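Working through the structure, step by step
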Amino acid sequence: MILASIADVAAYHREFGLHHLRQINVKSKKERSVKQTHTFINWINQRMSYSISAGGVTWQFPDLKTLMAKATPLRSGDQLAGVCAETAQERVAAQMTLAELPLKAFLNDVIIPYEDDEVTRLIIDTHCFSSFKPVSTYTVGDFRNWLLSEQATTHSLMSISKGITPEMAAAVSKIMRVQDLILVAQKCQVVTAFRNTIGLPGTMSTRLQPNHPTDDPTGIAASILDGLLYGSGDAVIGINPASDNTEAVSNLLFMLNDIIEHYEIPTQSCVLAHITTQLEAANKGVPVDLIFQSIAGTQAANKSFGIDLGLLYECKDAALSLNRGTCGNNVMYFETGQGSALSANAHHGVDQQTCEARAYGVAREFDPLLVNTVVGFIGPEYLYNGKQISRAGLEDHFCGKLLGLPMGCDICYTNHADADQDDMDSLLTQLATAGVNFIMGIPGSDDIMLNYQTTSFHDALYARQAFGLRPSPEFEKWLQKMDIFNEQGRIKVASELPPPFSDITLLKDL
Amino acid sequence: MSAKHLEIKNKWAELSRFTDARIALGRVGGSLPTSQLLSFQFDHANAQDAVHIPLDCEQLISDLDTKQPKVLLKSKAENRAQYLQRPDYGRKLSTESLEKLSQFYNKERYDIAFAIADGLSSIAVQRHAPNMMSTMLSHFERKNTRIAPISIILQGRVAVGDDIARALNAKCIVLLIGERPGLSSPDSLGIYFTFDPKPDFNDANRNCISNIRDGGLSYSEAAAKVVYLTTESLKIGKSGVDLKDNMAPVIENDAAAALENKFLFPIGKTDRK
């Protein structure tokens, strides 16, 4: 119980007045009164700072972002930013403090100011209080207990997702162990659709990533064929182009479209150029299925990608107007990754995992088909080794799913990180258990264009076999029709090309 | 009894002539055959080693056939371990290097400054920077461009070029850098172009040309792109996402172009629907 003096109330109004209240998206008088009370209580809380006594010491944390940063399990990016806990003890003390914090605090005490950042404004303005209600009296620690309890079913979890802010998801993930992150994510279920259905229970999809360092169409075609013959490509056939040239990007889009149409593959294409290039192509009548963009959790970081929310709205509308989906209308494909805000020097002193969760706040505004955390791509400055990459991948998957997003993961590492194939196998195994919607598929794990290692066609087959996971149902039917998979969902292709592909032009001398 | 029958090989392995990607690896069950597994591990070991081999500056300077003076500089990162963990250090010149460079400050603005940074692969710089530089310089020298001295930076990252352009007083910077080594390409060179760098610039203000190596982008293709970018940026007064690479694509594979990308279609069926 907080008792406020009259002087406190007066000081509060002097500091914030009506201006502050106007910034909150108020829909009803009742809601306004609730928000007003929260804002006030939180202001009092802030003045008292965040503290806890543990082990005979009183630990104090000056503000919410510091508390969040210090409660984060160790990673090199937070060390680089100078925001991490200084000792192991301080980290756990911060976690204990965070566990006592009411979830409501996140609705009022924003970690990046509302006036300065459109992502904060999006998060606050779109928060759904009625969805939040079932957990609104909980602390962060209670919330973890609830998530793990029998009360949190697939249905109840998905019905609160619009009431959970990215910061709430990030906070609770910081006090969860790996097994917690897996178990709760497994209960979440996010299903999306374009030309097939992705995210159904017992399925795991793959993005076929046929990159080539010079965008050579024959080289790309060879990798696409190889991928299809290993059962890959139901999430998307998505090329990272070497060139952002609109004509070159358009040629690749035409080629993907021709392959998908000719073989009637229930999947979608994407060329992951800058969003403005894809928009330009779409406006010229090029067949654009999904619109891709890398996004981050702060306005300034998004600016470094050359985007803002307005541009994303515009591009989503453009993709929707093409009306190319047959099973559903999720037209956006986003990629994210811890450390992107810091690397653009746009993190506002916020830890990288919280920034990442805020990127999911951006993503869910646009009902994407796919959200892919490219977890180990950024390098050892942000996630130093296999252990840090693995935990980050599981946090991202959990936070995204809790927020209602169709999460996939680019389970990957670079050659300057302290990680190897064994680390990726562990993370793949964990994510397959957690119910990841999709992973990458690339020939032999080696991306010859982006120079990093991600999961291979074979890796997906391992996960399918070990966990009985099947592709998206429409795509699986196609694989069986084309003699690529058998009735049990196992790979059937042997040395010879299956009949529909036995006479392809690429195999003859060009 | 022979164990050969355990491994399924893929007949489409001949498609490897179109790409360095690891296609048609075959399988045992759904998994990688032993030989493929170990060949991957060997390449990974090579790529990890490539990150740590230091740049041989003396060799590079003697290989660089340029009229312009060459200036050897260091970033704030003192060694490789620090470089890997502190990207902020790699983006800034050391105080001594800034002083050294300021001797070359020119009141009359240089049109262009070139810089070469080791980045994450000294092998890439050692192998490709000399030829890449002479290909670019022959273009610019023909146009009577005022070219600044060539900077060579140890433990450097992309943004270190901003310091250099400002210290020299150059309109724009073209920075060559060793890209993160890939399994099949431990020697890939990248070029970053930034027009009139300001202290608050980030990656959205730059244009990147990637994968310059054997089997990747050729020196002449890359040089043509640099020339295009410098010319276009002068027109609009900026570089980065606003400077679209609308240069006509170089189509080298005429046969492929004639097929309109119908490689995966059965022979004879190449009509666009």
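Moving on, we get to the packing of aromatic side chains. Going through the model one piece at a time under the given rule, you end up with 11 aromatic pairs over all chains. On the numbers, 6.0 Å between centres and 70° between planes, the contact of Phe334(A) with Phe366(A) is edge-to-face. With Phe334(A) in strand 9 (residues 332-336) and Phe366(A) in the loop between helix 20 (352-363) and strand 10 (370-374), this residue pair connects regions lying 32 residues apart in the sequence. On the accessibility criterion, Phe334(A) (0% relative accessible area) is buried. By way of ring pairs, the aromatic residues Tyr230(A), Phe457(A) and Trp12(B) are connected into one cluster. Of note, Arg157(B) hangs over the ring of Tyr83(B), and the distance from its end group to the ring centre comes to 4.4 Å.

Let's shift gears to the interface of chain B and chain A. Across the contact, 74 residues belong to chain B and 79 residues belong to chain A. Between chain B and chain A the total buried area reaches about 6400 Å² when both faces are included, carbon and sulfur atoms providing 57% of it. Ranking the residues of chain B by area buried against chain A places Trp12(B), Arg180(B) and Leu264(B) at the top, with a combined share of 14%. Inspection of the region where chain B meets chain A yields 3 salt bridges. Of the charged contacts, one joins Arg22(B) and Asp446(A) as a salt bridge, the two residues approaching to 2.8 Å between their closest N and O atoms. Put simply, chain B and chain A have 23 residue pairs in polar contact (both at pLDDT 80 or more) between them. Among the elements of the structure, helix 1 (34-52), helix 3 (80-85), helix 4 (87-90) and helix 9 (254-258) of chain B are those that each provide at least two residues to the side of chain B that touches chain A. Sort the elements by how many residues they give to the side of chain B that touches chain A and helix 1 of chain B lands first, with 6 residues. Counted by class, the side of chain B that touches chain A contains 31 nonpolar, 21 polar and 22 charged residues.

All names here are of chain A. Pairing geometry for strand 1 (residues 50-54) and strand 2 (residues 57-61), over 5 bridges, is antiparallel. Within strand 2, the residue paired with Ala 54 across the bridge is Val 57. Two successive antiparallel strands, strand 1 and strand 2, enclose a turn made up of 2 residues, where Gly 55 displays a positive phi of approximately 60°.

Looking now at helix 16 (residues 275-283) of chain A. Residue and element names in this part refer to chain A. Considered for burial, the residues of helix 16 that qualify are Ile 275, Thr 277, Gln 278, Leu 279, Ala 281 and Ala 282. Summarising the contacts, the buried residues of helix 16 are in contact with helix 15 (246-262), strand 7 (269-271), strand 8 (291-294), helix 18 (309-322) and strand 9. Downstream of helix 16 by one or two residues, Gly 285 has phi in the positive range, about 90°.

All names here are of chain A. Split into domains, chain A comes out as domain 1 (1-48), domain 2 (51-187) and domain 3 (192-495). Spacing between the C-alpha centres of domain 2 and domain 3 amounts to 27 Å. Each side of the interface is counted separately: domain 2 has 47 residues, and domain 3 has 43 residues. Area buried by domain 2 at its contact with domain 3 is led by Arg 75, Glu 118 and Leu 122, which between them contribute 17% of it. For the pair domain 2 and domain 3, the interface holds 4 salt bridges. Counting across the interface, domain 2 meets domain 3 through 28 residue pairs in polar contact (both at pLDDT 80 or more). If you list the elements that add at least two residues to the side of domain 2 that touches domain 3, you get helix 4 (64-70), helix 5 (76-81), helix 8 (118-125), helix 10 (140-148), helix 11 (154-160), helix 12 (166-174) and helix 13 (178-187). For the side of domain 2 that touches domain 3, the element with the highest residue contribution is helix 12, accounting for 7 residues. Across the side of domain 2 that touches domain 3, the residue classes break down as 27 nonpolar, 9 polar and 11 charged.

About the cut-offs
- Residue positions within a chain follow its written sequence, with the count starting from 1.
- Here every chain gets a letter starting at A, and every ligand a number starting at 1, in the order they are written.
- pLDDT decides what is reported in this predicted model: residues at 70 or higher carry local features, side-chain atom pairs at 80 or more are listed and counted, and totals for whole chains, interfaces and linings draw on all residues regardless.
- Excluded from the side-chain calculations are hydrogens and water; all other atoms, namely the structure's heavy atoms, are used.
- A pair of aromatic rings is counted whenever rings of Phe, Tyr or Trp (Trp by its six-membered ring) have centres within 6.5 Å, and the orientation is called stacked for planes under 30 degrees apart, edge-to-face for over 60 and tilted otherwise.
- In this text, helices come from DSSP runs of H or I with a minimum length of four residues, and strands from runs of E with a minimum of two, each type numbered from the N-terminal end.
- A 1.4 Å probe rolled over the protein chains alone gives each residue an accessible area, and that area as a share of the maximum for its type sets the label: buried under 20%, exposed over 50%, partly exposed in between.
- Comment: the charge-over-ring label is applied if NZ (Lys) or CZ (Arg) is within 6 Å of the ring centre and within 35 degrees of the ring normal.
- Any two residues whose heavy atoms approach within 4.5 Å at even a single point are treated as in contact.
- A quick way to say it: buried area is the sum, across both parts, of accessible area lost when two parts are put together, with a 1.4 Å probe.
- Salt bridge criterion: a side-chain nitrogen from Lys or Arg within 4 Å of a carboxyl oxygen from Asp or Glu.
- Think of a polar contact as two N or O atoms within 3.5 Å of one another; within protein, one of them needs to be a possible hydrogen donor and the other a possible acceptor, and neighboring residues in sequence only count if both atoms come from side chains.
- Ten residues, namely Ala, Val, Leu, Ile, Met, Phe, Trp, Tyr, Cys and Pro, are considered nonpolar, four, namely Asp, Glu, Lys and Arg, are considered charged, and the remaining ones, Gly among them, are considered polar.
- In short, DSSP must find at least two bridges between two strands for them to pair.
- Residue ranges labeled as domains rest on an automatic or database domain assignment.

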